[in-house]
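Results of the structural survey
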Amino acid sequence: MLKIIVGIKWVPDTADVKFDPVKGTIIREGVESIINPPDLNAIELALALKEKYGGEVYVISMSPPSAIKGLKMAVAMGVDKAFLVSDRKFAAADTLATSYTLSCAIKKIGSYDLVIFGEETIDSATGHIGPEVGEMLGIPHLSYVTEVQEVDLQQRTIKMVREVEDGVEFFQANLPVVISVGVGINTPRYPIPLRRLLTELETNKYIETWALNDIGADPEKVGFKGSPTRVVKVIAAPMPARRLEIREASGETVKLFIKRLKEAEII
Amino acid sequence: MLPSRPYFTFMPSWAVSVFYLSVVAALIFFFAKMFFEVRRYGFKISKLKNINVKIKNLLETEKLLLTDIYGGVAHTFVAIGLFILFLGTICVFIEYDILLKFFNTRFLTGVVYLSYEVVMDVAGLIFFLGVLAAIVRRAFVKPSRLINRKEDAVILFILLYGGLSGFIMEGIRLAIKPVPWGSASFVGYILSQMFVLTGLTYNLGCGIYPFLWLSHGLTLSVAVVAFAFTKLKHFPLYFLGVQNPLEKWVTPFNLPLVLESKKIEVPLGVNKPSTLSWDQKINAEACVNCGRCEEACPAYRAGKILSPRNIVQKISFTLKKSLNKELISSIINEDEIWSCTTDGACVKACPALINPLDYIVGLRRYQAMNLGKVPGSALFNILVRDNPYGLPRSERIGWRKNLDIKVLKEGEETDVLYWVGCAASYDARLQKVAQTVVKILRKAGVDFAVLKDEGCCGELARRLGDEYLFQEIMFRNIEKLKKYKFRILLTTCPHGYNIFKNDYSEFNGKFKVYSHIEFINKLLEEGKLEIKANLSKKVTYHDPCYLKLYNNLTQEPRKILMKAAGLKFVETKKFYCCGGGGGGNWFESKGEQRPNILRFRDTLEVNPDLIAVACPYCLSMFEDAAKTEGYEEKVEVKDIAEIISELLE
């Protein structure tokens, strides 16, 4: 029996987020939120492990109440229970404060074998949360895991694979462990519609909301107060638009294609 | 002497008793079997509706059968012959067993009797020829869709024997005991002359006759039983079942009611025969395995694992054995249900009013709703980004950048609200169709606008079995659309057109929906658009299923093309779906060939320079096929709007 906790974030769909060059801020109005894409892979991994070894999968998210929509989706995918860690005091947290809050929530859940995060979020892309939570819980952590090969429930060990640019790394660790995974390690399953509907009908049965007091966190270490990071300025870095359209395939066009790639210093 | 019907000539009384007993037993068997069977399927007499309509439909059904001349004529001959012979038997029963016995009167005398004999012989002859034709068809012609089973041989033998023995009997009777009016039974009379010529003696005739008579009578009893136990039950069941029409899909729940009551009945969809509705069960039983649905199926044609006939036959077979057997995986393969393009050709082809698509949708719904099993990523994309492409929401308006189209504000009014649809909003090629429609609307001076926040229409979700997602989207859209004032909802996608017209309307979302083809035709007819140039290319037209089969919208595109191309417009000989519907545009199901390639080849048979389509999926499917087949330079594929737009200058 494996007990797995997956941390997810409810993020604005950055594809729709535009930058206001005058104010120097990002425009978030009218932008729908989604589950941070690699977090979906984290959920999928957890559910696949549950199917293989048995057990339970919980999801936690430190977010404003609007994130309940994302948690419902996670439940619909097959997660047993979701916890929304939400309190006004958590607002404006940097990764340190967030990791602290999440580790408090994980401790509150109690026993666990595996904590999985998406490797980074599409709206801030730090990749901090996994390692920081691992440190705060005092357990091993590994980022950019591409595969969980085997979990030995007797020996309480886990074998993992990480594909890096110049090879493949194999790891073994003692449980419990924190890992983070990237987009593309698996294909997230479709949220089961009936389960999605049932979550809608009986939200409280599947989703619990915890505030600061519930997780016993130190008010000084959460939210803005607990965050040593300050955002000083946001600037947009325009990406040069490059567009190459080759509509037929022949020896000539392949040559042309290679020439253009060389010109663009891509190869 | 007044001609009248002779009864039980040369018959020993024991044989007559055996006959009566067998008839009574057969009727008991027939009614008991029918009773227990339909009761097992949950049929109640109160559910018997529209029997008048059913009787009227019988003629339509026979007309449909006649689309296959050989098989159709054979069936019609057998059916009409049998029906008249049955009425004849009823007449005899009334005269002999009621009038003569209780009232000592009769009516089959004189001219009435002679006419009766003529009619009976004509009916017998028609019946016999029909049976012979059917035997020749099954034994020698062997059309590929017919699968011969023992049952078919047995039934044909019973029918053949019934017809043959009747005539021979009549012949013997007239040969050994001639009557002056014998020639009224003209078939029997000819036979009697032959028997006389071959030297049939009175004693031999008297000896053979009772056995022949009894076997003929017993054939009747066996046939009565066969109407309950064999495929012949399609006839009684035809009157009991209700066909779910192609365009009106039955929903397993109504979302607002579910959300309000916080209750939902599970499972949703079909997994075991018990989860079928009573009419679905009865309809499955009515299948005679004729294979017309299979012949019309684009997936089957492309060598995919699906055959609508097999779906119905497998369900019918399982139904007989157990109501609680899981259908998917052991009996019906998952790939079968996902190969369906939901075009509905099978439904339109079935003479027994069976809706094979209804079973497939039920099975899809179970897989999708309860297990989350749907192929491809299109539904996930809709769930997350409100379009099957998974492209950002903000890119939806990309097609109308720089077009300066009126975007409707709440409370504002417009004559025509143009619902662009995901395909024409996101796909680079299909955006051109939307842009052309805008050009045409402007040319005709139409007051139109688009929504600022158009989204998915939910069609794909419904076709793939996620009824929850569909209803979520639909109710959201209905609420949204009701905020605006418009007269006409204009669509370029037949899938959107149909979902608004036939599905939304079932949930109180009634709008006046127009397909762009319908609307362009209207503008042309009203003189608001004028075709100023003639199309110089030979053009053929491929009907979208969701216009042709679901909505019978076939005349408008032809009128437009006739105006545009005149004699250069040629019809493709066959009709099949392009393969893009029911999810086909979004994931590839396994198969030897691809439906779009086959369909493209159909159109090539008339050597067109240009293939006109009226659906974004068809356009993609045909362009893809043209590329694959190396016809990219030789044959153009265009939406009718694009063709017309060029001719308006």
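Thresholds applied
- Residues numbered from 1 in each chain as written.
- Chains lettered and ligands numbered in written order.
- Predicted model: local features only at pLDDT ≥ 70, side-chain atom pairs only at ≥ 80, totals over all residues.
- Heavy atoms only, no water.
- Helix = DSSP H or I, 4+ residues; strand = E, 2+ residues; numbered from the N terminus.
- Buried < 20%, exposed > 50% of the residue type's maximum accessible area, 1.4 Å probe, protein only.
- Contact = heavy atoms within 4.5 Å.
- Areas by Shrake-Rupley, 256 points an atom, 1.4 Å probe, with all protein chains shown as cover.
- Lys, Arg positive; Asp, Glu negative; His and termini not counted.
- Charge placed at Lys NZ, Arg CZ, Asp CG, Glu CD.
- Pairing = 2+ DSSP bridges.
- Axes fitted to C-alpha atoms, helices over the stretch in contact; angles between N-to-C directions.
- Buried area = accessible area lost by both parts, 1.4 Å probe.
- Salt bridge = Lys/Arg side-chain N within 4 Å of Asp/Glu carboxyl O.
- Polar contact = N/O pair within 3.5 Å; in protein donor to acceptor, adjacent residues only side chain to side chain.
- pLDDT = per-residue confidence, 0-100.
- Phe/Tyr/Trp six-rings, centres within 6.5 Å; stacked < 30°, edge-to-face > 60°.
- Lys NZ or Arg CZ within 6 Å of the ring centre and 35° of its normal.
- Core = buried A, V, L, I, M, F, W, Y, C linked by side-chain atoms within 4.5 Å.
- Parallel < 35°, antiparallel > 145°, perpendicular 65-115°, else oblique.
- Nonpolar A, V, L, I, M, F, W, Y, C, P; charged D, E, K, R; others polar.
- Patch = residues over 30% accessible without salt bridge, like charges linked within 9 Å, V, L, I, M, F, W, Y side chains within 5 Å.
- Right-handed = clockwise from strand over helix to strand, strands pointing away.
- Expected span 1.5 Å × (residues − 1).
- Disulfide = S-S within 2.5 Å.
- Left-handed = near helix turned anticlockwise from the far one by under 90°.

Right, let's talk about the overall build of chain A for a bit. For chain A, the helix and strand inventory stands at eight helices and 14 strands. Principal-axis analysis of the C-alpha atoms gives chain A an extent of 65 × 50 × 40 Å. Every one of the 267 residues in chain A was classed for burial, and the buried ones make up 47%. Look at the contacts in chain A between residues 6 or more apart in sequence, and 70% of them connect residues 24 or more apart. Just so you have it, chain A exposes about 14200 Å², and 53% of that area is on carbon and sulfur atoms.

Of the regular secondary structure elements, chain B holds 28 helices and nine strands. Out of the 649 residues in chain B, the part that is buried amounts to 56%. For chain B, long-range pairs separated by at least 24 residues make up 81% of all intrachain contacts whose partners lie at least 6 apart in sequence. Total accessible area on chain B stands at roughly 28500 Å², and carbon and sulfur atoms take up 61% of it. Charged side chains in chain B number 82 positive and 64 negative. The centres of these two groups are separated by 4 Å.

Hydrogen bonds between backbone groups are what pair the strands of a sheet, and the pairing can be parallel or antiparallel. All names here are of chain A. Spatially, three strands are ordered β10-β11-β12 in an open sheet, and the strand pairing comes out antiparallel. Whereas interior strands pair on both sides, the edge strands pair on one side only; in this sheet they are β10 (147-152) and β12 (167-174). With strand direction ignored, the average angle separating the axes of adjacent strands in the sheet is 15 degrees. In this sheet, β12 lies alongside strand β11 (residues 157-164) in antiparallel orientation, the contact comprising eight bridges. Residue pairing across strands places E163 opposite V168, the latter belonging to β12.

With that out of the way, let us pick up the interface of chain A and chain B. Each partner contributes to the interface: chain A provides 20 residues, whereas chain B provides 26 residues. Buried surface at the junction of chain A and chain B, summed over both partners, amounts to about 2000 Å²; 67% is from carbon and sulfur atoms. With a closest N to O distance of 2.6 Å, R385(B) and D13(A) form a salt bridge. At the boundary of chain A and chain B, one finds eight residue pairs in polar contact (both at pLDDT 80 or more). It is helix α5 (residues 193-201) of chain A that provides the largest number of residues to the side of chain A that touches chain B, a total of seven residues.

Let's shift gears to the confidence of the model for chain B. Chain-level statistics for chain B give a pLDDT mean of 94 and a share of 100% at 70 or above. Within chain B, helix α2 (residues 51-65) of chain B has the poorest average pLDDT of any element, 85, and strand β5 (residues 513-515) of chain B the best, 98.

Moving on, we get to the packing of aromatic side chains. Residue and element names in this part refer to chain B. One pass over the full model with this rule turns up 34 aromatic pairs over all chains. With 5.4 Å between their ring centres and 75 degrees between their planes, F8 and W213 make a pair best called edge-to-face. In this pair, F8 sits in the segment before α1 (13-40) while W213 sits in helix α7 (residues 202-229), placing the two residues 205 residues apart along the sequence. The interplanar angle of 80 degrees and the centroid separation of 5.4 Å between the aromatic rings of Y238 and F239 together place this pair among those described as edge-to-face. Given the relative accessible area of 7%, Y238 is considered buried. Residue class for F239 comes out buried when judged on its relative accessible area of 15%. Ring pairing ties together the aromatic residues Y7, F8, F19, Y20, Y96 and W213, which thus form one cluster. Just above the ring of Y70 sits the side chain of R137; from NZ or CZ to the centre is 6.0 Å.

Where a protein is soluble and globular, its nonpolar side chains tend to be buried together. Membership of the largest hydrophobic core comes to 224 residues, with the highest contact counts inside it found for V6(A), I116(A), I179(A) and Y504(B). For this core, the element with the highest residue contribution is helix α5 (residues 150-176) of chain B, accounting for nine residues. Setting aside residues no more than four positions away along its own chain, Y504(B) makes contact with C457(B), F470(B), I473(B), M474(B), N477(B), I478(B), I499(B), G509(B) and F511(B). Membership of the second largest hydrophobic core comes to 26 residues, among which are V85(A), L102(A), Y112(A) and V178(A).

A few words now on the side chain of N381(B). Residue and element names in this part refer to chain B. For N381, the position within the fold is in helix α17 (residues 378-385). Assessed through its relative accessible area of 19%, N381 is described here as buried. For N381, the residues in contact, after removing those within four places along its chain, are D386, N387, P388, Y389 and G390.

For the rest of this paragraph, the subject is the packing of helix α26 (residues 595-604) of chain B against helix α27 (residues 616-628) of chain B. Residue and element names in this part refer to chain B. Contact pair α26 / α27: the axes reach a minimum separation of 9 Å and the direction vectors enclose 80 degrees. Taken together, α26 and α27 sit at an angle that is classed as roughly perpendicular. On α27, the residues that touch N596, I597, R599, F600 and T603 of α26 are M621, F622, D624, A625, A626 and T628. Grouping the constituent residues of the contact of α26 with α27 by class yields six nonpolar, three polar and two charged.

Of note, the bond from L175(A) into P176(A) is cis; its omega dihedral lies within 30 degrees of zero at -5 degrees. Looking at the secondary structure, you find P176(A) in the loop between β12 and β13 (177-181). With phi around 55 degrees, K262(B) is a residue other than glycine that occupies positive phi space. Looking at the element boundaries, K262(B) is found in the loop between α9 (255-261) and α10 (278-285).

Take the sheet that holds strand β6 (residues 55-62) of chain A next. Residues and elements named next belong to chain A. The seven strands lie next to each other as β9-β13-β8-β1-β6-β7-β14, forming an open sheet whose pairing is parallel. In the strand order of this sheet, the two ends are held by β9 (141-145) and β14 (207-210), each with one partner. Along the sheet, successive strands turn relative to each other by an average axial angle of 20 degrees, direction set aside. Pairing of β6 with strand β7 (residues 81-85) involves five bridges; the strand directions are parallel. Paired with V59 across the strands is A82, a residue of β7. Of the strands in this sheet, β1 (2-7), β6, β8 (114-118) and β13 are in contact with helix α1 (residues 37-53), which crosses β1 at around 175 degrees. Sheet strands in contact with helix α2 (residues 68-77) are β6, β7 and β14, and its direction is about 165 degrees off that of β7.

Moving on, we come to the environment of G226(A). All names here are of chain A. Looking at the secondary structure, you find G226 in the loop between α7 (212-215) and α8 (251-263). Counting along the chain gives 137 residues from G226 to K89, while the straight-line C-alpha distance between them is 10.0 Å. Ignoring sequence-local partners within four residues, the contact set of G226 consists of D94, L96, A97, E220 and K221.

Turning our eyes to something else, we now look at a nonpolar patch on the surface. Residue and element names in this part refer to chain B. Taken together, the side chains of F83, F86, L87, I90, F93, I94, F107 and V112 define a hydrophobic patch exposed on the protein surface, amounting to about 710 Å² of accessible area. By residue number, the principal contributor to the nonpolar patch is helix α3 (residues 69-103), which donates six residues. Its place among the elements puts F107 in the loop between α3 and α4 (110-141). In this structure F107 comes out as partly exposed when scored by relative accessible area, which is 30%.

Turning to the pairing of β6(A), a few remarks are in order. Both faces of the sheet carry side chains from a regular strand, because those side chains alternate between them. By the criterion of burial, β6(A) is predominantly enclosed, with seven of the eight residues buried. A crossover connection joins β6(A) to the parallel β7(A) through α2(A); in handedness this β-α-β unit is right-handed.

Glancing now at α1(B). Residues and elements named next belong to chain B. For α1, which comprises 28 residues, the first-to-last C-alpha distance of 40 Å matches the rise-based estimate of 40 Å (1.5 Å per residue) to within 8%. Regarding α1, the residues found buried are A15, V16, F19, S22, A26, F30, M34, E37 and V38. Buried positions along α1 lie against α7, α8 (234-240) and α10. Backbone geometry just after α1 places G42 at a positive phi near 85 degrees.

What follows is about the state of the cysteines. Taken as a whole, this structure holds zero disulfides over all chains when the rule is applied. Just so you know, C422(B) is unpaired, no disulfide at all, and the nearest cysteine sulfur is the one on C456(B), 4.9 Å from it.

With that out of the way, let us pick up the packing of α2(A) against α5(A). Residues and elements named next belong to chain A. The interhelical angle for the contact between α2 and α5, taken along N-to-C directions, is 135 degrees, at an axis separation of 8 Å. Judged by the angle between their axes, α2 and α5 are oblique. As for how α2 packs across α5, the hand of that crossing is right-handed. Listed contacts from α5 to K72, V75 and A76 of α2 are R195, R196, T199 and E200.

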